[in-house]
Amino acid sequence: MKILSFLLLLVLAGCFSGCRQEERETVYRPGTDLLEQAYTTFREESLSERRFKHQNIEPLIRKRMEGSSFRVEELGKSVEQRAIYQLTYGKGPVKVMLWSQMHGDESTATMALFDLFNFLEGRNDDFDTLRSLLAENTTLFFIPMLNPDGAEAFKRRNAYGFDINRDAARTASPEARILKQARDNVIPDFGFNLHDQSIYYNVKGTPKPATISVLAPAFDEEVNMNEVRKSAMKVIVGMNELLQQYIPGGVGKYDDSFYPTAFGDNFQKWGTSTILIESGGYNDDPEKQFIRKLNFMVILKALTDIATGAYQDYGETRYFDIPDNDNQLTDLLIRHLQVQRDSAAYLTDISIKQGNSSVTRDASFIEDLGDLSVLYGYEELDAEGFQWQAGKLYEQTYASAAEINQEEALSLLRKGYSAVRVASPGGEAKELPLIILYEKAYKPSRPQIGEKGTFFISKNGRPHYAVVRGKLIKL
Ligand SMILES: [Zn+2]
C-alpha cells in the first residue's frame, strides 16, 4: 500500500509539473539570440559615445512627431528652455513609463532608448511577433533625457544645481515637475528609472564590477513589502536571468534604504511597480557601448515579460539572491610595494584612479595608500619584492614632443626617465607614456595621496614596470 501511494504521488507530481510546463511554453519568450539580433539591427548609429547633448537627440525625436509609430508630445521645458519630450507606443492596457538621464552625465540608457525606438518602428521582419505583443498588451511612455541642461555640461545636476532625484516630493525644479506631472497623467503600472552609477562599484565580496545594478526601491522607512514592490522584484528576477548570461557575477543589488525625496521610492509609494537600472563599469568599455547593449536587451526582455505576464512566474524571493553593491573598486591597484624613506623601508598598497566624470577629476591621482587588501582593481599588480622608484627628468632637451616616438619613450622609461623637457609646445604629447615639460618645473613624484600616478616599480634599482599617468606599463 505504501508503495502504491508513493507511485500515485509520483504520477501526480509528474502530471502537475508537466501541466505547468505546458502552460508556460505557450507564453512567448524571446531568446537571447533574437534580442541580440534586434540590437545589432536597430542600434541608433548617430549615438556612439557617452557625451552627447539635447541637440543630438532632438532631431531623432522630432522626426517621429508625424507619421511614426509613436505619439510624441512636448511635456515642458528645462530651466534653460530645452524641450523635454514623451514618446508613446502601443495601445495595450498595461502602462509602463521609462525615463532616463535625470542625472545629466548618466547617458547609457538614453542611447538604449533610441535603439528601442528604432526597433519598435521596424516592420515585416523577424521581430513582428514581439512588437505586436508589446503594442497590443502595453502602452509604453518614454521620457528620454529628463535633464537636458545637465547633459549639456555632462554634469549630474540641473541648472539650479539641484539633484532632480532629491526633488520628487517638493518638485521645485521644472524637470521634477514634468516627471511628476507625467506620472499623474498616466498612472503607470510599471516604471523604469534609468541611471548610471560609479564605475567603482563592485559586486560585494568579488572583484567584479557591478556592470548593471538593480533595485526595487522601498516605499517606506521600514522597507516593507507589498504587491506593487513584489511585481518589480519579479521583473528584476527575470532581468537578472538574462544578464547573468552576459555578465556572470556582474549584477549587483542597490541599497534599498528608503529615500523620502527620491523618485524611484516615491513612484513605488504612489503605486507604480518601479525598477531601478544602474549602468556601472565594464572592462575596456569606456564609452559604455557594451553596457548600452545590455540595457537594450534587458529592457526589451523586461517589457516582454510584462506584456505576457511571464514575470508573475518568477519567485520574488530570488530577488534577494542577487548580491549587494559595494564600493571597493579602483582603476589600478598595486599591492605590497616597498618604499624607502630615509633609512627605513615600509610596505604599502597603492590605489590609483584615472580621473573621469565619475570621480570629477581629469587627471590620474593616487587615491589611497596603506593596507588596501579590501580593495580590487580593474587592473592589479602584486609588487611583492619590488620597490618604489621616483622618475627622473631626462638631461637632454628635445625640440618638441613630435621628435619622440613610442620606441624612444619606452627606452627612456627603461632607464628610469619618466619626464622630458621640450623647447616648443605641441605635438602628440598625450599619446606618449612620458611627462612632457615645456616651461613647468620638474617635480619628482612621491608616494602621497593626490599625487599624479607616475613612478617606477623596480628591483635593485632597475625599473621593471612604469606607471605613467595611472597606466601600468611592463618594461
Ligand atoms: Zn543617477
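Each chain has its residues counted from 1, following the order in which its sequence is written. This being a predicted model, a pLDDT of at least 70 is required before a residue's local features are given, and a value of 80 or more before pairs of side-chain atoms are given or counted; all residues contribute to the totals for chains, interfaces and linings. In computing side-chain properties, one takes all heavy atoms of the structure into account and sets aside hydrogens as well as water.

## Description of the overall build of the protein
(1) Moving on: Each helix and strand in the protein was counted, giving 11 helices and 21 strands.
(2) Moving on: Seen through its principal axes, the protein has C-alpha atoms that stretch 85 × 70 × 45 Å.
(3) Moving on: Relative accessibility thresholds used throughout: buried, under 20% of the residue-type maximum; exposed, over 50%; partly exposed, between the two (1.4 Å probe, protein chains only). Within the protein, the fraction of its 475 residues that count as buried is 53%.
(4) Moving on: Note on contacts: a residue pair is in contact if any heavy atoms of the two residues lie within 4.5 Å. Here the analysis covers contacts within the protein between residues at least 6 apart in sequence; of these, 74% occur between residues at least 24 apart.
(5) Moving on: To measure how exposed things are, a 1.4 Å probe is used in the Shrake-Rupley method; for residues, cover is taken only from the protein chains shown. In the form shown here, the protein has an accessible surface area of approximately 21900 Å², with 49% of it arising from carbon and sulfur atoms.
(6) Moving on: Asp and Glu count as negative and Lys and Arg as positive, but His and the ends of the chain are not part of the count. We put the charge of a Lys on NZ, of an Arg on CZ, of an Asp on CG and of a Glu on CD. Between the centroid of the 56 positive side chains of the protein and the centroid of its 66 negative side chains there is a distance of 2 Å. Secondary structure follows DSSP: runs of H or I at least 4 residues long count as helices, runs of E at least 2 residues long count as strands, and numbering of each begins at the N terminus.

## Quick word on the coordination of the zinc ion
(1) Moving on: The zinc ion binds to the protein through His-103 (ND1), Glu-106 (OE), Glu-106 (OE) and His-195 (ND1); the donor distances cover 2.0 to 2.6 Å.
(2) Moving on: Coordination at the zinc ion comes from 4 donor atoms whose angles at the metal span 54 to 152°, giving a geometry best classed as irregular.
(3) Moving on: Note that water is not among the atoms used; donors are N, O and S atoms within 2.8 Å of the metal (3.2 Å for Na, K and Ca), so sites may look incomplete. In terms of primary sequence, the donors binding the zinc ion are separated according to H-x2-E-x88-H. Residue His-103 is located in the loop between β3 (94–100) and α4 (108–120), and its partner His-195 is located in strand β5 (residues 190–196); the two are separated by 92 residues in the primary sequence. Assigned by exposure class, His-103 and His-195 land together as buried. In this scheme the shape depends on donor count and angles: four donors with every angle between 85 and 135 degrees give tetrahedral, four or six donors with opposite pairs above 155 degrees and others between 65 and 115 give square planar or octahedral in turn, and any other case is irregular.

## Here's the deal with the nonpolar core
(1) Moving on: In plain words, nonpolar cores are sets of buried Ala, Val, Leu, Ile, Met, Phe, Trp, Tyr and Cys residues tied together by side-chain atoms within 4.5 Å. Judged by nonpolar contacts, the single largest core of 72 residues is most densely connected at Phe-119, Phe-142, Phe-192 and Met-239.
(2) Moving on: Top contributing element to this core by residue count: helix α10 (residues 289–308), with 11 residues.
(3) Moving on: Each residue touching Phe-192, except ones within four places of it in the same chain, is listed here: Val-96, Met-97, Leu-98, Trp-99, Val-235, Met-239, Ile-275, Ile-277, Ala-302, Leu-303 and Ile-306.

## Topic: helix α5 (residues 128–137)
An α-helical turn contains 3.6 residues, so a residue and the one three or four places further along point in the same direction.
(1) Moving on: Where α5 is concerned, the buried positions are Leu-130, Arg-131, Leu-133, Leu-134 and Ala-135.
(2) Moving on: Where α5 is buried, its residues touch α2 (32–42), β2 (83–89), α4, β4 (138–143) and α10.

## Let's talk about the environment of Thr-139
(1) Moving on: Inspection of the secondary structure assignment puts Thr-139 in strand β4.
(2) Moving on: Of the residues examined, Thr-139 reaches a relative accessible area of 7% and is grouped as buried.
(3) Moving on: Residues Thr-139 and Ser-351 lie 212 residues apart in sequence; the distance between their C-alpha atoms is 48 Å.
(4) Moving on: The contacts of Thr-139, once residues within four sequence positions are left out, are Arg-71, Thr-88, Tyr-89, Gly-90, Lys-91, Gly-92, Val-94, Lys-95 and Val-96.

## A look at the environment of Gln-354
(1) Moving on: The topology assignment puts Gln-354 in the loop between β12 (344–353) and β13 (365–370).
(2) Moving on: As a C-alpha pair, Gln-354 and Gly-470 span 116 residues in sequence and 5.8 Å in three-dimensional space.
(3) Moving on: Here a polar contact is taken to be a pair of N or O atoms separated by no more than 3.5 Å, where protein atoms must pair a possible hydrogen donor with a possible acceptor and residues adjacent in sequence count only if both atoms sit in side chains. For Gln-354, the side chain forms a polar contact with the main-chain oxygen of Gly-470, separated by 3.1 Å.

## Side note on the UniProt feature "domain: Peptidase M14" (unreviewed entry) in the protein
(1) Moving on: UniProt positions are given in the numbering used here, feature names are shortened, and annotations may be inferred rather than shown by experiment. Listed under "domain: Peptidase M14" (unreviewed entry) in the UniProt record, and renumbered for this structure, are residues 50–307.
(2) Moving on: Across residues 50–307, helical content stands at 38% and strand content at 19%; the span's end C-alpha atoms are separated by 30 Å.

## Here we look at α4
(1) Moving on: Residue count minus one, scaled by 1.5 Å, sets the expected span of a helix. Taking 1.5 Å per residue, 13 residues should reach 18 Å; α4 reaches 19 Å between its end C-alpha atoms and fits that length.
(2) Moving on: Taking burial as the measure, the 13 residues of α4 include 13 buried ones, the bulk of the element.

## Here's the deal with the packing of aromatic side chains
(1) Moving on: Paired rings are identified among Phe, Tyr and Trp, the last through its six-membered ring, by centres lying within 6.5 Å, and are further divided according to the angle between planes into stacked (under 30 degrees), edge-to-face (over 60) and tilted (the rest). The full count for this structure, using the stated rule, is 21 aromatic pairs.
(2) Moving on: With centroids separated by 5.6 Å and ring planes inclined at 50°, the aromatic side chains of Phe-267 and Trp-270 adopt a geometry described as tilted.
(3) Moving on: Taking relative accessible area as the criterion, Phe-267 reaches 0% and is therefore assigned buried.
(4) Moving on: Two thresholds decide whether a charge sits over a ring: the Lys NZ or Arg CZ must be within 6 Å of the ring centre and within 35 degrees of the ring normal. Lying across the ring of Tyr-259, Arg-166 places its NZ or CZ 3.8 Å from the centre.
(5) Moving on: The ring of Phe-386 has Lys-459 sitting right over it, with the charged end atom 4.4 Å from the ring centre.

## As for the pattern of salt bridges
(1) Moving on: Salt bridge, as applied in this entry: a Lys or Arg side-chain nitrogen positioned within 4 Å of an Asp or Glu carboxyl oxygen. The final tally for this structure, using the stated rule, is 26 salt bridges.
(2) Moving on: With its nearest N and O atoms 3.6 Å apart, the salt bridge here joins Glu-152 to Arg-82. A residue pair is termed long-range when its members are at least 10 positions apart, and Glu-152 in helix α6 (residues 148–153) and Arg-82 in the loop between β1 (71–77) and β2 qualify at 70 residues.
(3) Moving on: Judged by relative accessible area, Arg-82 falls into the buried class, the value being 18%.
(4) Moving on: Here the residues in one salt-bridge network are Glu-80, Arg-82, Asp-149 and Glu-152, joined through shared partners.

## Considering the pairing of β3
(1) Moving on: Counting buried residues in β3 gives 5 out of 7 residues, a clear majority hidden from the surface.
(2) Moving on: As defined by bridge partners, β3 adjoins β4 across 6 bridges and the pair is classed as parallel. By the bridge assignment for β4, Leu-98 is matched with Phe-142. Pairing between strands is defined by DSSP: at least two bridges between the two strands are required.

## Some remarks on the side chain of Lys-234
(1) Moving on: Structurally, the position occupied by Lys-234 is in helix α8 (residues 227–246).
(2) Moving on: For the buried Lys-234, no salt bridge exists, and the shortest N-O distance to an oppositely charged side chain is 4.0 Å, to Glu-316.
(3) Moving on: Filtering out sequence-adjacent residues up to four positions away, Lys-234 remains in contact with Tyr-311, Gln-312, Tyr-314 and Glu-316.

## Comments concerning the confidence of the model for the protein
(1) Moving on: Confidence scores labelled pLDDT are given residue by residue by the predictor and lie between 0 and 100. Scored by pLDDT, the protein comes out at a mean of 92, with 92% of its residues at no less than 70.
(2) Moving on: Ignoring residues within four places in sequence, the model shows residues 1–22, a span with pLDDT below 50, making 0 contacts including any to other chains.

## Looking at the environment of Asp-331
(1) Moving on: Topologically, Asp-331 is positioned in strand β11 (residues 329–341).
(2) Moving on: What makes Asp-331 buried here is its relative accessible area of 11%.
(3) Moving on: For the pair formed by Asp-331 and Lys-415, sequence separation is 84 residues and the distance between their alpha carbons is 26 Å.
(4) Moving on: In this structure, Asp-331 is in contact with Ile-199, Tyr-200, Ile-352, Lys-353, Gln-354, Gly-377, Tyr-378 and Glu-379, ignoring residues within four places of it in sequence.
(5) Moving on: Among the polar contacts made by the side chain of Asp-331, one reaches the side chain of Tyr-200 at a distance of 2.4 Å.

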